[in-house]
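Given next are the chains, with one letter for each unit.
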Amino acid sequence: MLSPCVRAVKVLLLAVVLSLLTVAGTVARELTVVVDQPSFTPIVVRVPPLSGPAEVSRELSAVLRNDLRLHLIFRVLTEPPLGRTSVQEYLISGRVEALRPRLRLYLELRDLFEDRPLLRRLFTGPPAAGRFMIHRFVDQAVRAMAGFPGVSYSQVAFVRRTPGGDELCLMHFDHYNLRVLYRAPIILSPRFSPDGRRLVFVSYEGGRPVVRTMDLVSGSVRTLSAYPGLNASPVWHPDGKRLVVTLSKDGSPDLYLVDLSGRILRRLTQGEGLNTGGSFSPDGHYLAFVSDRSGSPQIYVYDFLTGGTRRLTFSGRYNVSPVWSPRGDRIIFSGLRRGRFILFSVDPGGGNPLAISGEGSFEEPRVAPDGMYVLARGRGPRGEGLYLFLVNGAVRELYLSGRIVGLDWGRLPQ
């Protein structure tokens, strides 16, 4: 029988490893979600320079084009149209007025094929808010052109491994305002609260792991869970008032529901193998988690209404890192196949998982707030870093280079 110390080390290593649908062809303005047809035709959108004061209009035009390109589904052209087109194209135009101390921004999305406006917005605010005005407009324009909301108004947290230790970093989805929030020898599992105002993460300091929370507005950090043994894999409940954490204080590593003070509300698993957290369903009724109770890590679903547990994955001997789509229709996870990690998508009811990542090896997927994109860390054709995928894998791009060991994707605070 393993001693508590040895068992805690084994569980921590497993926790480190464990931390270690679809867009089809376009028809007019709508992208049809079909999980077994991973292909699409890029949407052509023309974005000539915005009119107005040169420096401001040039900067905001660049933000606008970059936001669209990051969505992977657009072919962005900078030339204005010559006239009405016989093919489906869109035009985004606008003007900037710098009225000290305010900024006024007018933007319009136009369907060139039908020769009619689809979206018109007027924004006013301080000059520093200009790029957020663009993000808001782009997310609405993506919905008008593609049928689902955009993700420009979102943020990404990630852990960067350096020779001096780990750095918990935060930036806007367009790579703006990158900053280091916290440093420690080991940092794992950063997770945004549902409102995007807090981060929970695991910090390995002083010889043991502790779960901490950070207020992203004030920067204050406090300890959520520091029980003897393992404190790992925090998972926010959709209500933002509770979390599930993995604790080994009672011997075996199990899942516990806790409040924001770290007080235990409920024990969810009872010593059946090593159990570690994953992701809640959007309604909060179910939790996808990882357990090796069958002999190897597999994904299970815990039912909060009945207290029952069912196994979700049966294909492959190593499946980890489940994340529930905010749309509620898919669970994305990483599975080890022939020496490399592949991203899969599966219906929450089970069935045959669909591979979405293709060439390369990718772990710890995180689904965008709109449910149509996936970020994952790993190594692909363009090297190591974070890769951005359409949720069916039809398109992918290297999003951020570097050695990344943890990540999350959430909304910007309102």
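Each chain carries its own residue numbering, running from 1 in the written order of its sequence. Residue-level local features of this predicted model are given only where pLDDT is at least 70; pairs of side-chain atoms are given and counted only at 80 or more, and the full residue set underlies all totals for whole chains, interfaces and linings. Just so you know, side-chain values use all the structure's heavy atoms and leave hydrogens and water out.

## A word on the pairing of strand β24 (residues 331-337)
The condition that has to hold: Here's how the labels work: a residue is buried when its accessible area is under 20% of the maximum for its type, exposed when over 50%, partly exposed in between, all with a 1.4 Å probe on protein chains only. Secondary structure elements follow DSSP: runs of H or I no shorter than four residues count as helices, runs of E no shorter than two count as strands, and numbering proceeds from the N terminus. Criterion used throughout: strands pair if DSSP finds at least two bridges between them.
Within β24, six of the seven residues are buried, which leaves it mostly tucked inside the rest of the structure. Note: strand β23 (residues 319-324) against β24, four bridges, orientation antiparallel. For N319, the partnering residue across the bridge sits in β24 and is G335. The loop that links β23 with its antiparallel partner β24 comprises six residues; one of these, G328, has a positive phi angle of about 85 degrees.

## Here's the deal with the layout of surface pockets
Applicable threshold: In the cavity and pocket records, a cavity denotes points on a 1 Å grid over the protein atoms alone where a 1.4 Å probe fits but cannot get out, a pocket denotes an open set with protein on both sides within 12 Å along at least 5 of 7 lines, and lining residues are residues with an atom within 4 Å of a point. Grid points are joined across faces, edges and corners, and a volume is the space filled by probe spheres set on the points.
Space inside the largest pocket adds up to approximately 600 Å³. Along the wall of the largest pocket there are 26 residues; nearest its centre are F192, P194, W324, P326 and W409. For the lining of the largest pocket, the secondary-structure elements that each account for two or more residues are β11 (186-192), β15 (231-236), β19 (275-280), β23, β27 (361-367) and β31 (404-411). Per-element tally for the lining of the largest pocket: the top contributor is β31, with four residues.

## Focus on the confidence of the model for the protein chain
When pLDDT drops low, the exact placement of atoms in the prediction is not to be read closely. Rule in force here: Confidence of the predictor in every single residue is expressed as pLDDT, which spans 0 to 100. Whether two residues are in contact is decided by their heavy atoms: any pair within 4.5 Å suffices.
The predicted model of the protein chain averages 89 in pLDDT, with 90% of residues at 70 or higher. Confidence over residues 1-37 falls short of pLDDT 50; this stretch has 95 contacts with residues more than four positions distant or in other chains.

## Observations regarding the pairing of β11
Here is the key point about a regular strand: its side chains alternate between the two faces of the sheet. For β11, a buried count of six out of seven residues is recorded, marking the element as mostly surrounded by other parts of the structure. Bridge count between β11 and strand β12 (residues 198-205): five bridges; the pairing is antiparallel. Note on β12: the bridge partner recorded for L188 is V202. From the end of β11 to the start of β12, which pair antiparallel, there are five residues, and G196 there has a positive phi angle of about 75 degrees.

## Brief notes about the pattern of salt bridges
Our working rule: The term salt bridge refers to a pairing of a side-chain nitrogen on Lys or Arg with a carboxyl oxygen on Asp or Glu at a separation within 4 Å.
In total, this model carries 26 salt bridges according to the counting rule given. The partner of R131 in a salt bridge is E59, and the shortest N-O contact between them spans 4.0 Å. With a gap of 72 residues between them, R131 in helix α3 (residues 130-146) and E59 in helix α2 (residues 54-70) connect regions that are remote in the sequence. A salt bridge links R110 to E108; the nearest nitrogen and oxygen atoms lie 3.8 Å apart.

## Quick look at the packing of α2 against α3
A pair of packed helices can be characterised by two numbers: the angle between their axes and the separation between those axes. Spelled out, the test is: Think of each axis as a best-fit line through the C-alpha atoms, taken over the contacting stretch in the case of a helix, with angles from 0 to 180 degrees between the N-to-C directions. Here a crossing is called left-handed whenever its near helix is offset anticlockwise from the far helix by less than a right angle, and right-handed whenever the offset is clockwise. Each residue receives one of three labels: charged for Asp, Glu, Lys and Arg, nonpolar for Ala, Val, Leu, Ile, Met, Phe, Trp, Tyr, Cys and Pro, and polar for the others, Gly being one of them.
For the pair α2 and α3, the least separation of the axes is 9 Å and the interaxial angle reads 40 degrees. As α2 packs across α3, the resulting crossing turns out to be right-handed. Contacts from E59, L60, V63, L64, D67 and L68 in α2 reach G130, R131, I134, H135, V138 and M145 in α3. Residue classes in the contact of α2 with α3 are distributed as seven nonpolar, two polar and three charged.

## Focus on unusual backbone geometry
Positioned with a positive phi, S233 is a non-glycine residue whose angle comes to about 50 degrees. Secondary-structure assignment places S233 in strand β15. Of note in this structure, S321 is not a glycine but carries a positive phi near 55 degrees.

## Focus on the nonpolar core
This is how it is decided: Residues enter a nonpolar core if they are buried and are Ala, Val, Leu, Ile, Met, Phe, Trp, Tyr or Cys, with the set joined through side-chain atoms within 4.5 Å.
Within the largest apolar cluster, 50 residues are counted, with the highest numbers of intra-cluster contacts made by L68, Y373 and Y399. The leading source of residues in this core is α3, at eight residues. With 14 residues, the next largest nonpolar core counts A288, V290, Y318 and V346 among its residues.

## Describing the sheet that holds strand β4 (residues 74-77)
Strands sit in the order β4-β3-β5-β6-β7 across an open sheet of five strands; the sheet is mixed. Only two strands of the sheet have a single partner each, and these edge strands are β4 and β7 (116-125). Here the average twist between neighbouring strands, direction ignored, is 20 degrees. Where strand β3 (residues 43-46) meets strand β5 (residues 90-99), two bridges bridge the pair, whose relative direction is parallel. Looking across to β5, one finds that R46 is bridged to L91. Along the sheet, α2 contacts β3, β4, β5 and β6 (102-111); its crossing angle with β5, the most-contacted strand, is approximately 145 degrees.

## With respect to the environment of S248
Within the fold, S248 resides in the loop between β16 (242-247) and β17 (254-259). For S248, a relative accessible area of 11% gives the class buried. Along the backbone, S248 and V346 are 98 residues apart, and their C-alpha atoms lie at a distance of 30 Å. Look past the residues within four positions of S248 in its chain and what remains in contact with it is P228, G229, L230 and P253.

## Overview of the sheet that holds β27
Pairing is antiparallel in the open sheet, where four strands are placed in the order β27-β28-β29-β30. The open sheet is flanked by β27 and β30 (396-401), the only strands paired with a single partner. Shown here is a sheet whose adjacent strand axes are inclined to one another by a mean of 30 degrees, direction ignored. Bridge analysis of strand β29 (residues 383-390) against β30 gives five bridges, and the strand direction is antiparallel. The partner of Y387 across the bridge, within β30, is L398.

## As for the side chain of E364
Stated precisely, the cut-off is as follows: Polar contact is defined as a pair of N or O atoms within 3.5 Å, subject to the rule that within protein one atom must be able to donate a hydrogen and the other to accept it, and that residues adjacent in sequence are counted only when both atoms are side-chain atoms.
Position of E364 among the secondary structure elements: in strand β27. Taking the relative accessible area as the measure of exposure, E364 reaches 2% and is therefore buried. For E364, the side chain forms a polar contact with the side chain of R191, separated by 3.4 Å. Reaching out from E364, the side chain makes a polar contact with the side chain of R377 at a distance of 3.1 Å.

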